[in-house]
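Understanding the architecture of this molecule
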Amino acid sequence: MASTDLSSILSASKDLTKHLLNSKPPDLPSVNLSLEQIEAQSRRLVSKHNAAGDVDKANYLLAQASVNGSALSQSIAHLNASTTFSSSSLQPLQDTDVSSFLRHAHEQNLISTIEHGRKETQESFYRMLEDRTARDWEVKKKRLFEQLGASVPVAASTTSLAASTMGMSSSTMKKQLSSSAPLSLQMHTKMLAYDRTIVALNSARLGGTSFPIVHALIDAANNNNQIVFMFTVLANITQEPPSLPPLEHASAHILNSPVFERKYAKAYLTSQTPAISLRKQIASGARQALEEQYLSIIQRTVHSHPSEAQLGGDPSTANLVRAFCAVRFYRQGEWLSGLELVKGTPVWAQVFFLVRVGEVSEAFQVLMRVKDAVDAREPGFIDAFRIWAESTERSLPRSIRDQLAGVYNAHMLQAQTTDPFKLALYKLVARLDAGRRSIPNVTTTTEDWLWMQFAMVDESSSDENDESSLASLTKVLLAYGERHFEPAIGTGGQKSGLWASVLLMCGQFERAVASLWDHDSGGSLQVEAVHLAVALAYHGLLRVSSKAEGSDVDILTLSPSTTGVQHIPSLALHTLIWRYIRQFVKMDAKEGLQYVYILPLSADQPSPPGVGREQLEAAWELVRRIIVMANGGPMWEELVGGVRGDGTRFPGVIPTHLPLLRLSLSSSSNTYPSPQALSSSSSFGPPTLQTSDYKSQILLPTASSLLSNDRLTEAIKLYDLAGEYDTVVGCLAQALGNLVTSGSTTSGLGAGGMTWSATGDQQDRTKELEKTAREILTLYERLGRGTGFGVSGPSGSNTGGKDRDACVKLLKILEASERGRDGHVERALEIIESTALVPLDVATTSGKESEVDVMKVTKKAEEFTQQHEALQRCLPVYLVLCMDALTGVASKIKSGGGVHAGEAQRHATLAILRKKSRALMVYAGLLKYRMSPEVYGYLARGDVEIAL
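What comes next is a walk through the structure. (Residues numbered from 1 in each chain as written. Predicted model: local features only at pLDDT ≥ 70, side-chain atom pairs only at ≥ 80, totals over all residues. Heavy atoms only, no water.)

**A short note on helix 41 (residues 875-894)**
Helix length check: helix 41, at 20 residues, gives a terminal C-alpha distance of 28 Å against a target of 28 Å (1.5 Å per residue), a fit within 8%. Extensive coverage of helix 41 is indicated by the burial of 17 of its 20 residues. Following helix 41 by one or two positions, G896 has its phi on the positive side, about 90 degrees. (Helix = DSSP H or I, 4+ residues; strand = E, 2+ residues; numbered from the N terminus. Expected span 1.5 Å × (residues − 1). Buried < 20%, exposed > 50% of the residue type's maximum accessible area, 1.4 Å probe, protein only.)

What follows is the structure, encoded as structure tokens:
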């Protein structure tokens, strides 16, 4: 059995090399060596190998990388791995060695704990990575759909529908709303209200006056309390008055009116952090907005409980607060426990609520009424409160502050029965213990807590790390995040806008806009996000991102700060505006332009360098895009302007609003010669901001884009408005040539010819282009435009005159084609002959009627290359058209039609037609290779038909 196994193994080993033996060339001998011989040969080869040379080469290469190869080799050679583990650690433990056993168990527990923690951390990391990837993918997918213009199913399913209906005409709106839900009507009404506000803002800017944009937005958002509060916060921060006196008022001269536009741009944009005066104003405005909100809550509470309040006839705020305290704390004939009563009244609660609504002076009067009792319990507090109330920054001298701090720390914090409102007043007046941000039974709501934080903000120090600074409060609120102020995603609740209001209070204006625009909110607040950004940009409180920093997906960009305190937010305003207007810009481009006019407001932003110019270019690009996307017709001319039949121009919406785009009118184009517009364009905006030419930035690039999109009529109108009259004629020539050639290919070559038939759309297009071309050529001829003087081609030829001549001949070709379709072949032949494109009027030299003057035809063929390029492309068309006309006339004569009285006259006419047909064939033969064989064959068949 063993010998059988060994023999099978030997045969199998020989089979391993059988394929090598079969594939080797026959001239190579076989090598059969035993194991000993192979080992000996290997050792011989090794002995011949120069190892030292390789080591030297290796050391040379390693030395170039600053590696000492020889030293490393010596270190490795002297390495003793036997002492890596100490012998004591590898000794077995004795049964009686309790300390070693405990130490070993402790080490094993540590190792297992570390390993278990490592595994948990790894699993948690991969689980979080998977969840974050899935969540980010959903967000990016929604943004991608929104970027592509697709509707994303969200909670507010009618948002995209409402956004797409903004700015529609009344008839379009009725058709859309007839099949819409009531919510879409509500959304549409809201968007129209905001739109009217933007129109009024731009009108005021165009007139050089200020406009209370924030209060106008408050009026537009009167159905949403949280949004009204958000805009109220901004109104208090910007200190914008509700309205301005009309200019007709004696003291309301334009030079005396307040300036709102870009008022805070210098304080907000010149450095990475706002100026200290602006930070104080932000904190003060946030506090005032919360105070106004709470006053309305007190009023509603008191009026809803008249019997408990017992308000009486005193209209003061102190009496209102007294009634509010009675409603809230008085039960069954006694005050709730925990309140410290002074002369039977919860004075501390009343004083706190008066401070809470911003009535500090009335709070001091309440304290003065019970001064003796308060001084007996809290000596020095009333004097400190008076100093605090009279201070513009609501601060105390250091000595008084330390005195109150001593009382606060020694008695109130340790006492069990301290009135919480007295504790809050001490904390508030002396700005104590800023790190402890909540007060039990006082900061019971989010708004109360927020008011307490902003009331304790102190910007007297320039240190941003101070706990009482606005920057520190902003850090805390950002760390809390949106989840503490808005419903969690997936719970079914929609955003109310509270988080955006909180961000506004902190001065995080860009984050506030991005929060409202966030797709996770279901798009219900995107309208407010756009208009909040407009208001911020108008007041100079919005930092826009540059192209290098911005993203095509996210509108918010967080750039690292050089101070390292926090990131600097910036907003892609042009992306935000375009995403908002693009769904309705086709239906109502004028309304979309109103939002584009907002972009140049940020042209004065100093950093990053060049971002201001980028905003102007983005606005110009959007204007060009809107012109291209807008539907043609009278509404399109209403955008850019147009030309009346007498050659005079009428202005469009865009030329009227050029000052808002920082554009100047071109002196050569004269697109809008109104002196009012010229004067406004010269006086608008900062004097250091350079304006650009409307012609070069808008008209010419848009015309080129329209021309590439095969929208010739609109492109020609823009070139005409730009004063490029020779370009207009050249475009007409190319368009007419394309129209002639494209029309000839629809019916093919056959008995009916190529040009007698056309589709209905093609006929409409032909008539529209013909009408436009004839009107322009007639007008230019009367006004002397488009003559080509001063415009020469490469060879010095007059290209303008050549284009005009080509347009006239191409129009005649189209007219001849139309006459042929109507059956008027004689008139069609006359029109073709008037173009002089085909040598049909050549005389014979031999006197034979059937012969043609070949020399004249040849000369005409040689002149073909000097014709306009459009006419050269139309050669097959007008040759076939001419032949069809000749055959049509000949057929009429042969059938006895026409006005030919006698047989002799009929034969003479046929002879002339034969001669013209032969001239055409000679001419076509000389230009044979410029046409397809089918065209030449068709001409030959027509010539034969005429000759028969």
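Here the narrative resumes, following the displayed structure.
**Considering the packing of helix 41 against helix 42 (residues 903-926)**
Pairs of packed helices are described in terms of their axes, by the angle between the two and the distance that separates them. Their axes nearest at 10 Å, the elements helix 41 and helix 42 cross at an angle of 160 degrees. The pairing of helix 41 with helix 42 is recorded here as roughly antiparallel in orientation. Viewed along their axes, helix 41 and helix 42 form a crossing whose handedness is left-handed. In this structure, helix 41 contributes L875, L879, C882, M883, L886, V889, A890, I893 and K894 to the contact, and helix 42 contributes R906, T909, L910, L913, K916, S917, L920, M921, Y923 and A924. (Axes fitted to C-alpha atoms, helices over the stretch in contact; angles between N-to-C directions. Parallel < 35°, antiparallel > 145°, perpendicular 65-115°, else oblique. Left-handed = near helix turned anticlockwise from the far one by under 90°. Contact = heavy atoms within 4.5 Å.)

**Here we look at the packing of aromatic side chains**
Per the counting criterion, the structure on display carries 21 aromatic pairs. Judged by centre distance (5.3 Å) and plane angle (70 degrees), the rings of W348 and F381 are edge-to-face. Placement of W348 in helix 16 (residues 347-356) and of F381 in helix 19 (residues 381-390) is noted, with a sequence separation of 33 residues between them. The interplanar angle of 65 degrees and the centroid separation of 5.3 Å between the aromatic rings of Y580 and Y595 together place this pair among those described as edge-to-face. (Phe/Tyr/Trp six-rings, centres within 6.5 Å; stacked < 30°, edge-to-face > 60°.)

**Observations regarding the pattern of salt bridges**
Counting across every chain of the model gives 30 salt bridges. Across the pair D448 and R356 runs a salt bridge whose closest N-O atoms are separated by 3.0 Å. You can see D448 sitting in helix 22 (residues 446-455) and its partner R356 sitting in helix 16, a full 92 residues away along the chain. Note on accessibility: D448 and R356 belong to one class, buried. Each of E340, R377, E378 and K422 takes part in salt bridges that share partners, so that together they form one network. (Salt bridge = Lys/Arg side-chain N within 4 Å of Asp/Glu carboxyl O.)

**Focus: unusual backbone geometry**
In the segment running from S607 into P608, the intervening peptide bond is cis, with an omega of -5 degrees. The residue P608 is located in the loop between helix 28 (589-596) and helix 29 (611-629) in this model. Of note in the backbone geometry, R431 takes a positive phi value of approximately 50 degrees without being a glycine. Tracing the backbone shows R431 in the loop between helix 21 (420-429) and helix 22. Residue classification places R431 among the buried positions, given a relative accessible area of 12%. The backbone of D710 sits at a positive phi, close to 65 degrees, despite the residue not being glycine. Relative to the assigned elements, D710 resides in the loop between helix 33 (694-708) and helix 34 (712-721).

Read these as spatial facts, not as claims about activity.
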